[in-house]
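# Inside the fold
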Amino acid sequence: MKQQEKTQKTRERILAAALEEFGRKSYDAAAINSICEAGQIPKGLLYHNFKNKDQLYLACVALCYERMTAYMKENAAEGADARQSMQNFLLTRQRFFAQNPDLANIFFNVVLYPPRHLQADLDRLRRTFDAYLEERYRAILAQLTLREGISPQAALDYFAAIQEMFNGYFQKRAQADGDYHALIGDHEDKLSGMLDILLYGIARETPDAPEKGTVK
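No experiment lies behind these values; they were computed from the predicted model shown.

Opposite charge on two side chains allows them to pair when their charged atoms are near. One pass over the structure, following the stated rule, counts 10 salt bridges. We note a salt bridge from arginine 93 to glutamate 188, for which the minimum N-O separation is 2.7 Å. With arginine 93 in helix α5 (residues 82-99) and glutamate 188 in helix α10 (residues 180-200), this residue pair connects regions lying 95 residues apart in the sequence. Overall, glutamate 188 belongs to the buried group, its relative accessible area being 11%. Put simply, arginine 173 and aspartate 186 hold a salt bridge, and the shortest N to O gap is 2.5 Å. With a gap of 13 residues between them, arginine 173 in helix α9 (residues 152-176) and aspartate 186 in helix α10 connect regions that are remote in the sequence. Residue classification places aspartate 186 among the buried positions, given a relative accessible area of 17%. Taken together, the shared-partner salt bridges in this structure form one network comprising Arg173, Asp186 and Lys190.

Parameters at a glance
- Residues numbered from 1 in each chain as written.
- Predicted model: local features only at pLDDT ≥ 70, side-chain atom pairs only at ≥ 80, totals over all residues.
- Heavy atoms only, no water.
- Salt bridge = Lys/Arg side-chain N within 4 Å of Asp/Glu carboxyl O.
- Helix = DSSP H or I, 4+ residues; strand = E, 2+ residues; numbered from the N terminus.
- Buried < 20%, exposed > 50% of the residue type's maximum accessible area, 1.4 Å probe, protein only.

Following this line, the structure appears as structure tokens:
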């Protein structure tokens, strides 16, 4: 076996053990010693391939986004209308989490408990995933007739802003609520409703509603 292939297999073995560790614990609770023990990896060999815990964690996060993006692209399904397309999108995301519980734990730990000193790196690693989300949202918006004065880009910017606030709301709850799995379930339940409201609003326009700029 060539040295390059041997090095690659070693990195893969380390990453497999790290994905299991970070896939069951938070960043703070995960430990290099546990990774080495689970994978039967000498600590010196691990540090030869990864500088420290931060670098190993970021490699796992990168794999999470890479595999999630690939899965969602492969299983993307358009619906008859925007609402159905959004539901298909969310169902695909939920199936990925169900089939990959370790990656789901890593994903939600990044959303709810991001290590603050790694925030810039985490934001960088999200770019490809975020670009895919934007692509899907654009396709869904194309199935709608937008209100006058609202461009697709303005709608996307609004989506991004609301999702940041949505995740920030759950980050605050995560700091005060110890029931991690219940919080994830609530996050996913409310995400579907939040995205539906973003698409269709919260108020029904009535035929006798006054025109803008007029007083009734």
